[in-house]
Amino acid sequence: MIYKLSFAVALCFSLCFDLCIAESYVLDDKVGLGRTFDGIGGLSGGGATSRLLVNYAEPYRSQILDYLFKPNFGASLHILKVEIGGDAQTTDGTEPSHMHYENDENFFRGYEWWLMREAKKRNPNITLIGLPWAFPGWVGHGKNWPYDFPDITASYVVSWILGAKHYHDLNIDYVGIWNERNFDSKYIKVLRDTLDKVGLTGVGIIAADGNWDVSNAMGIDPYLNDAVEVVGTISWNLVASYYEDLPFGRDGLMTAEEPWTGNYVVESPIWITAHTTQFSQPGWTYLQTVGHLVHGGSYVALTDSNGNLTVVIETMTHDHSVCIRPPLLPFNVTAQNVTFQLKGSFASIKELQVWQSRFDFKTKKPFFFKKLSPFKISDGSFTLSLDVDEVYTLTTISTGLKGTYPDPPTSGPFPKVYFDDFNVANPSFSEAPDFADQTGVFEYYINLTDPGPHVFTLRQVVTQMPVTWATDADQTISIIGDYKWQNLTVTCDVFMETVKTGGVFIAARVDKGGQSVRSAKGVFFWVFADGSYKVTNDLVGKTVLAEGLSGTRAYGWHTLTLTVEGQYATGLLNGYPLWKDAVVLGPKNGWAAIGTHSFELAQFDNFAVEAK
């Protein structure tokens, strides 16, 4: 189940607790144990969801990582799943591929390598998973489908796993199958064979994220059944580090969307996750005697088979358990008393540590992961009074801790005055700070043949439409700034590398991104290598506000300036007016942006914005 982790819920204690008869439930390992617990994790990717995290300054970036991965501190995650970047829009943005082209390999692009290393630093036992949401166009040979040439696709994925080990000393434990809506039995078998041939016999295959048809196929195909180790899903997303007005804003375990201030928010899902992760580990086993509560909610119990027991109880109501896929069927939860009987090897337990979280809409006074006084076990049983929208953990484990740091800096908007000349000789990441690629990939570029002022630039490098999962635009675009911006001036030096057909733009008031980027509107100032310009009200370029001759050509630097004020826009080329007073049809606000006319090589330098 992929959760939309936005818990906003209500609870109030009922005075009827003392009058209610407690329902009884048994926790017993004598009847046998259930399934093995593989852990709980978060997903970085499926849409460039960790994009802004890497731009945080210390100590805030490390604090965020501690809340996510440090054992017995915050979420204490057991699993990190990352996107194998494919140069394509995958929900909230684009992550770069390790192979833009067939003969190209670079295992230092993007931030997922760094994130896996940081997670491993904090928890050496963390399980690592990779999954491609998209592929460079060459993998599909021009088709929007990666399975016509399964050998090529498998080799591409396996090269990422080998690169993780060779360049970053990261052992990938599992690899997922593209994508959650489709699977291909032949490809899965080829992938298994390819992994085995290069010695990656220990890398398991997970299939498929949300398409349970694979389970039926495994039931009738013994080889497919042997090739797939896990059928499962994971919570999306790890940390909401993308612009909030992109799709699914703030849908992370925590929120870190302001590297310019250092502000971040430790959301309630961090502590709800901790109710399980801090008191059980992969390899523990569920009891068979677990299930639903009579009056709504559920309980599970896990053991390490060495005397330890952890019980997690939840009474979350339907409206406060919003789920993206699949939607939750209706259910009711009411206040109730419950009694748990400890049997089997647990009968001798005399005390349990207790942690509680309570959501509260009515009084606006929720609390999370609060340590209560230990429960004394009498005659092998204990009783709890449960209200709605609560989570309890009762456990023999005594190492739980609600980690804290001093409050981060106060939240604030993106700076109204911003400049980046991209002059970084050895950048830590391939992306420039705060730019969020929506289609295409914009990377730091060092032009060693240019002795002039444009040695260090930002370059759009994807030259072919990728194999996409979400909807890509035909144009490439990277957004930046404050979605609330209305009146502003955007300036950037641009360099086209495609003769005659090349084109680039700068933009203001861009109103859409992510999987909706194709329908983005705003004010787009384009210049083309054929000596023309155009001003459009949309990314696709259909609604033209102004057009004419510019004299621009490929392989020469040009400075574009776009000013939008009220209902009017004006454009300068190399400091001189090219057009003015174009009537803006809308929208009223949005991000600034840069981009290209198609998937083509182009460079950008000296980007500046000034908002009023």
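Source: prediction; values computed, not measured. (Residues numbered from 1 in each chain as written. Predicted model: local features only at pLDDT ≥ 70, side-chain atom pairs only at ≥ 80, totals over all residues. Heavy atoms only, no water.)

**Focus: the overall build of the protein chain**
- If you tally the helices and strands in the protein chain, you get seven helices and 37 strands.
- Referenced to the eigenvectors of the C-alpha coordinate spread, the extents of the protein chain come out at roughly 90 × 60 × 40 Å.
- The burial tally for the protein chain puts 58% of its 612 residues in the buried class.
- Once local pairs closer than 6 in sequence are excluded, the contacts in the protein chain between residues at least 24 apart make up 72%. (Helix = DSSP H or I, 4+ residues; strand = E, 2+ residues; numbered from the N terminus. Buried < 20%, exposed > 50% of the residue type's maximum accessible area, 1.4 Å probe, protein only. Contact = heavy atoms within 4.5 Å.)

**Here's the deal with the environment of Lys534**
- Mapped onto the elements of the fold, Lys534 is located in strand 31 (residues 532–538).
- A C-alpha to C-alpha distance of 54 Å links Lys534 and Lys365, two positions 169 residues apart in sequence.
- With residues up to four places along the chain from it excluded, the contact list for Lys534 reads Phe524, Phe525, Trp526, Phe528, Gly541, Val544, Ala546 and Glu547.

**Focus: the pattern of salt bridges**
- Counted according to the given criterion, the structure contains 18 salt bridges.
- Notably, a salt bridge pairs Asp104 with Arg109, separated by 3.0 Å at the nearest N-O pair. Comparing Asp104 with Arg109 shows no difference in burial state: the two are buried.
- Note that Glu257 is salt-bridged to Arg250, the shortest N-O span being 3.8 Å.
- On the accessibility criterion, Glu257 (11% relative accessible area) is buried.
- Beyond isolated ion pairs, a larger network of salt bridges with shared partners links Asp66, Glu118, Lys121 and Arg122. (Salt bridge = Lys/Arg side-chain N within 4 Å of Asp/Glu carboxyl O.)

**Re the domain arrangement of the protein chain**
- We note that the domain assignment places domain 1 (23–30 + 280–321 + 332–395), domain 2 (37–271) and domain 3 (417–611) within the protein chain.
- Here the C-alpha centroids of domain 1 and domain 2 sit 32 Å apart.
- Taken residue by residue, the interface counts 11 residues in domain 1 and six residues in domain 2.
- It is Pro282, Phe368 and Phe369 that lose the most area in domain 1 upon contact with domain 2, and together they represent 50% of the buried surface on that side. (Domains from an automatic or database assignment. Buried area = accessible area lost by both parts, 1.4 Å probe.)

**Concerning the environment of Tyr101**
- Mapped onto the elements, Tyr101 comes out in the loop between strand 5 (79–84) and helix 2 (112–122).
- Looking at Tyr101, the relative accessible area reads 33%, which means it is partly exposed.
- A sequence separation of 363 residues divides Tyr101 from Gln464, and the C-alpha atoms of the two residues are 9.2 Å apart.
- Sequence-distant contacts of Tyr101, defined by excluding residues within four places in its chain, comprise Trp138, Val461, Thr463 and Leu601.

**Comments concerning the environment of Ser430**
- As for its placement among the helices and strands, Ser430 is situated in the loop between strand 23 (417–420) and strand 24 (436–439).
- Of the residues examined, Ser430 reaches a relative accessible area of 11% and is grouped as buried.
- A polar side-chain atom of Ser430 sits 2.9 Å from the main-chain amide nitrogen of Gly110.
- Among the polar contacts made by the side chain of Ser430, one reaches the side chain of Glu431 at a distance of 3.5 Å. (Polar contact = N/O pair within 3.5 Å; in protein donor to acceptor, adjacent residues only side chain to side chain.)

**Considerations on helix 2**
- In terms of burial, helix 2 is largely enclosed, as eight of its 11 residues are buried.
- Listed as buried for helix 2 are Glu112, Trp113, Trp114, Leu115, Met116, Glu118, Ala119 and Arg122.
- Where helix 2 is buried, its residues touch strand 4 (41–44), helix 1 (60–69), strand 5, strand 6 (127–132) and helix 3 (150–168).

**Structural notes on the UniProt feature "domain: Glycosyl hydrolase family 59 C-terminal lectin" (unreviewed entry) in the protein chain**
- Per the UniProt record, "domain: Glycosyl hydrolase family 59 C-terminal lectin" (unreviewed entry) is annotated on residues 437–611.
- Secondary structure content for residues 437–611 is 0% helix and 54% strand, and the end C-alpha separation is 21 Å. (UniProt positions renumbered as here; feature names shortened; annotations may be inferred.)

**Concerning the nonpolar core**
- With 154 residues, the main nonpolar core has Phe69, Leu80, Leu191 and Phe607 as its most contacted residues.
- If one sorts the elements of this core by residue count, helix 3 sits on top with seven residues.
- Excluding anything up to four places from it in sequence, Phe607 contacts Tyr418, Phe419, Asp420, Phe422, Phe435, Ile480, Val490, Thr491, Cys492, Ala592 and Ile594.
- Listed in part, the 22 residues of the second largest apolar core include Leu27, Tyr299, Ile313 and Phe382. (Core = buried A, V, L, I, M, F, W, Y, C linked by side-chain atoms within 4.5 Å.)

**Comments concerning the sheet that holds strand 4**
- Ordered by their spatial adjacency, six strands build an open sheet running 8-7-6-5-4-9, and the pairing between neighbours is parallel. Two strands close off the open sheet at either side, each with one partner strand: strand 8 (204–206) and strand 9 (235–236).
- Where strand 4 and strand 9 come together, two bridges link them in parallel fashion. Along strand 9, the bridge assignment pairs Gly42 with Ser235.
- Across the sheet, helix 3 touches strand 5, strand 6 and strand 7 (174–176), and the angle it forms with strand 5 is around 130°. (Pairing = 2+ DSSP bridges. Axes fitted to C-alpha atoms, helices over the stretch in contact; angles between N-to-C directions.)

**Considering the sheet that holds strand 10 (residues 239–240)**
- A sheet is described by the order of its strands in space; here three strands give the open sequence 10-11-12, paired in mixed fashion. Each edge of the open sheet is held by one strand with a lone partner, namely strand 10 and strand 12 (263–265).

**Here we look at the side chain of Ser357**
- Secondary-structure assignment places Ser357 in strand 19 (residues 351–358).
- A distance of 2.8 Å separates polar atoms of two side chains, one belonging to Ser357 and the other to His275.
- Separated by 2.8 Å, the side chain of Ser357 and the backbone nitrogen of Phe369 make a polar contact.

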